[in-house]
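Structure at a glance
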Amino acid sequence: MMKMTSKAFAKKLFGANYERLPRTLLIDLIVFWGLYISGVRVQIAPSVRNLMISAFTAGVIWQALSSKDNTVEMQHMLMLPFRRLEFVFSYVAALGAYTVLTKTGLLLAVVLAVSAWKPIEIIGIAICIIHAVLMAAAVYSLRTYWYAAGFWAAAITAVILLWGNKLWLILLLIVNGMFAILFLWRADGYRFYQWEHKKSHVIKQRKTASLWRYFFRYLSCHKNYLLNTAAMWCVALVLPYFLSEMAGLSVIPVGFAVLSLNTPICILLSCDRGLEQAVRFLPGQKKAFCIPYCLFIFFCNMATDVLFLCSWQIQSGGITVRMFAGAVFFALQSAVLSVLLEWFYPIREWKIESDLWHHPRKYFVPVVMLLLAGAVSAWIVLLPALLILLSVEVVILFFGVGGKAL
């Protein structure tokens, strides 16, 4: 029974013939070997390395557990007769294997390629990864007691960060992992199923207000999207502290480029296949959807950039109208590029929502913005209305003012 359940989950995550697994492992090997022979070396303390790998693994598996697409699969599985323990541990094992092999493996390849490590440390890394999988699953099963689960997760994070260099940390993680197993032992499959009231998202043609209601309803139904946006706001508040030591005001466009990495709001069509089908097949929906969607991303980016500028003004000062014009320009340009990607190159071959969040396409817009920031930083005095006008013209040419859109 457990073998059949594990196989069902694994085929859903890795493909019918596990075709994703060899390709992913090959990419990890190429990345590791390429970085290793390049000779690039970075000093990474064991505590930082363990915390980074643990936090990344736990974060990805939490996204996998929270995936809406995964919820549909769970609903189908729970309709069949199942054994509680076999179902829970098969589900956690399948998601853990998917997370480690397809996501953590790439991070581990990069970390091991550019840092110095001993073979014995691989055992500690493996224990950290397994502990992160068990811990994330146990905390997720206890999410109704969020205060206790949050305190537990915060305490383990602090222990790894403060005493990550100690050998006894491995023993502590093993003991804590056993406690996580005990919580999973008492859980059942319904603890991992998200009980929600579905809200209807209706797109009314030629009524922009309904689209804005759709955007905000969608965010309210996906709390992790709001959490990611809040995390970007925190980054915007602390980023000036690090950038102000580099090159003064000329580095501000780099901050705008970094803050354009807000993946969830830029994958609306990719993650909602029903919405994409409606937008593509209903008449007149190209302009009716894409212009509000572009403005929605623009306002989200602009809110983050404004926080960044306010934080810079408080810490260093010297913000001018040209800097604010630069924020408008970068926010608008990144919104236009994001909508272009979603319309012409949507992500289709994904298994769970976590694949969308970590797809390489997410780095395209920030990289373009970084290249543009390098050019703008050299001519920061030329940044005002001409660049904003250029962005507006790009939007008009791209979307069109009549029926011709995209």
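Rules used throughout
- Residues numbered from 1 in each chain as written.
- Predicted model: local features only at pLDDT ≥ 70, side-chain atom pairs only at ≥ 80, totals over all residues.
- Heavy atoms only, no water.
- Salt bridge = Lys/Arg side-chain N within 4 Å of Asp/Glu carboxyl O.
- Helix = DSSP H or I, 4+ residues; strand = E, 2+ residues; numbered from the N terminus.
- Buried < 20%, exposed > 50% of the residue type's maximum accessible area, 1.4 Å probe, protein only.
- Phe/Tyr/Trp six-rings, centres within 6.5 Å; stacked < 30°, edge-to-face > 60°.
- pLDDT = per-residue confidence, 0-100.
- Contact = heavy atoms within 4.5 Å.
- Polar contact = N/O pair within 3.5 Å; in protein donor to acceptor, adjacent residues only side chain to side chain.
- 1 Å grid on protein atoms, 1.4 Å probe; cavity = no way out; pocket = protein on both sides within 12 Å on 5 of 7 lines; lining within 4 Å.
- Points joined across faces, edges and corners; volume = space filled by probe spheres on them.
- Nonpolar A, V, L, I, M, F, W, Y, C, P; charged D, E, K, R; others polar.

1. Focus: the pattern of salt bridges
By the definition in use, this model includes one salt bridge. For the salt bridge of Arg49 with Glu121, the shortest nitrogen-to-oxygen distance reads 3.1 Å. Here the residue Arg49 occupies a position in helix α3 (residues 46–66), and Glu121 occupies one in helix α6 (residues 121–141), the gap between them amounting to 72 residues. The class for Arg49 is buried, based on a relative accessible area of 3%.

2. What to know about the packing of aromatic side chains
One pass over the full model with this rule turns up 10 aromatic pairs. Relative to Tyr140, the ring of Trp62 lies with its centre 5.1 Å away and its plane at 80°, an arrangement referred to as edge-to-face. With Trp62 in helix α3 and Tyr140 in helix α6, this pair connects stretches of sequence that are 78 residues apart. The partly exposed category is assigned to Trp62, whose relative accessible area is 33%. The interplanar angle of 55° and the centroid separation of 5.3 Å between the aromatic rings of Phe298 and Phe299 together place this pair among those described as tilted. Grouped by ring-pair contacts, the aromatic residues Phe256, Phe308, Trp312, Phe329 and Phe330 constitute a single cluster.

3. Observations concerning the confidence of the model for the protein
Summarising the model, the protein shows a mean pLDDT of 76, and 76% of its residues fall at 70 or more. Under a pLDDT of 50 for its full length, residues 197–208 has, in the predicted model, 19 contacts with residues more than four places off or in other chains.

4. Focus: the environment of Lys166
Secondary-structure assignment places Lys166 in the loop between α7 (146–163) and α8 (168–186). As a C-alpha pair, Lys166 and Ser47 span 119 residues in sequence and 8.5 Å in three-dimensional space.

5. Focus on the side chain of Glu342
With respect to the helices and strands, the residue Glu342 is situated in helix α15 (residues 321–344). Of the polar contacts made by the side chain of Glu342, one reaches the backbone nitrogen of Leu268; its length is 3.3 Å. Looking at Glu342, its side chain comes within polar contact range of the main-chain nitrogen of Leu269, at 2.8 Å. Ignoring any residue separated from it by four or fewer positions in sequence, one finds Glu342 in contact with Cys266, Ile267, Leu268, Leu269, Ser270, Arg280, Tyr293 and Arg361.

6. Some words on the layout of surface pockets
Considered as a void within the structure, the second largest pocket measures approximately 320 Å³ in volume. Lining the second largest pocket are 15 residues, with Glu121, Gly124, Lys166, Leu167 and Ile170 positioned closest to its centre. When contributions to the lining of the second largest pocket are tallied by element, the ones reaching two or more residues are α3, α6 and α8. Sorting elements by how many residues they give to the lining of the second largest pocket places α6 first, with five residues. Here the lining of the second largest pocket is built from residues that sort into eight nonpolar, four polar and three charged.

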